[in-house]
Amino acid sequence: MNSKFRCLTIGYIEARKGQDILVEAVRMLDGSVRDGCEFLMVGQDTSLLAQGLKKSIENLPAVRILGTADREGIHSILETAALLIVPSREDPMPTVAAEAMMHSVPCIVSDAAGTAGYLTEGRDGWIFESGNALELSRKIAWCFYHREEVERAGICARELYEKVFSMEVFRKNLLALVDGIQVWETKC
């Protein structure tokens, strides 16, 4: 079993998703924190940014780019994670955050991710200013040193998933929307 504090980032590796911000944050971590963590990037890794990141992490063994994974693979890797990091510069509503919460994995998200509007700082996740690698680094370090609180946040993240993001809630909201549609009759 892996004893490292496993942090995931899942999504197409591109500037909009901010994986370069995460790499910068990892570089800022104290060596003991960085050595105690494992940062896995899952996603399409053929972009120019991905190619550059592959070169930039050659001397940063805590970070690994895994490439793409199918749905089953993503669910499998989420089950091994302590934390999901969404370092996006822009991301209206990352579904991967909801998937993480479904697995009781709390998230650190940038304030540019729509999910940030649903999180309560420190209760079911953490929020950092988009593009601020230092703030992200500090939140990662805090989580590393407060693993029991991260586990509790995972339980609360699952509750948030059930209340806001589950398929049952989606179904109820869709049915309420459909019921509220007014049909207009015309003579044409």
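Everything discussed here concerns the structure shown above.
Cut-offs used in this document
- Residues numbered from 1 in each chain as written.
- Predicted model: local features only at pLDDT ≥ 70, side-chain atom pairs only at ≥ 80, totals over all residues.
- Heavy atoms only, no water.
- 1 Å grid on protein atoms, 1.4 Å probe; cavity = no way out; pocket = protein on both sides within 12 Å on 5 of 7 lines; lining within 4 Å.
- Points joined across faces, edges and corners; volume = space filled by probe spheres on them.
- Helix = DSSP H or I, 4+ residues; strand = E, 2+ residues; numbered from the N terminus.
- Pairing = 2+ DSSP bridges.
- Axes fitted to C-alpha atoms, helices over the stretch in contact; angles between N-to-C directions.
- Contact = heavy atoms within 4.5 Å.
- Core = buried A, V, L, I, M, F, W, Y, C linked by side-chain atoms within 4.5 Å.
- Buried < 20%, exposed > 50% of the residue type's maximum accessible area, 1.4 Å probe, protein only.

**Q** Just give me the short version of the layout of surface pockets, but keep the residues and values in it.
**A** Within this model, the largest pocket holds a volume of roughly 380 Å³. If you trace the largest pocket, you find 20 residues lining it, with R6, T80, A81, A82 and E151 closest to the centre. Going through the elements one at a time, β1 (5-10) and α7 (147-165) are the ones with two or more residues in the lining of the largest pocket. Top element by residues in the lining of the largest pocket is α7. It accounts for five residues.

**Q** Help me get a handle on the sheet that holds strand β4 (residues 83-86), residues and values and all.
**A** What the six strands build is an open sheet, ordered β3-β2-β1-β4-β5-β6; its pairing is parallel. Bordering the open sheet on either side are β3 (63-67) and β6 (125-128), each of which pairs with just one other strand. Sheet twist, expressed as the mean angle between neighbouring strand axes with direction ignored, is 20 degrees. Note that strand β5 (residues 107-110) and β6 share four bridges and pair parallel. Across the sheet, C107 pairs through a bridge with G125, a residue of β6. Here helix α4 (residues 71-78) sits on the sheet and contacts β1, β2 (37-42), β3 and β4; the angle it forms with β1, its principal contact strand, is near 150 degrees.

**Q** Tell me about the nonpolar core, and name the residues and values.
**A** F39, I108 and L136 are the most contacted members of the largest nonpolar core, which totals 33 residues. Setting aside its immediate chain neighbours within four residues, I108 contacts L83, L84, I85, V86, W126, F128, L136, K139, I140 and C143. Formed by 25 residues, the second largest nonpolar core is a distinct cluster that contains L8, I74, A81 and L160.

**Q** Mind laying out the pairing of β1, listing which residues take part and the relevant values?
**A** The buried fraction of β1 amounts to six of the six residues, a majority that puts the element mostly inside the structure. Across the two faces of β1 the burial is the same, with F5, C7 and T9 and R6, L8 and I10 all buried. Bridging between β1 and β2 involves six bridges; their strand directions are parallel. Each residue of the ladder has a partner; that of C7, found in β2, is F39.

Interpretation note: all reported values are geometric properties and have no functional meaning in isolation.
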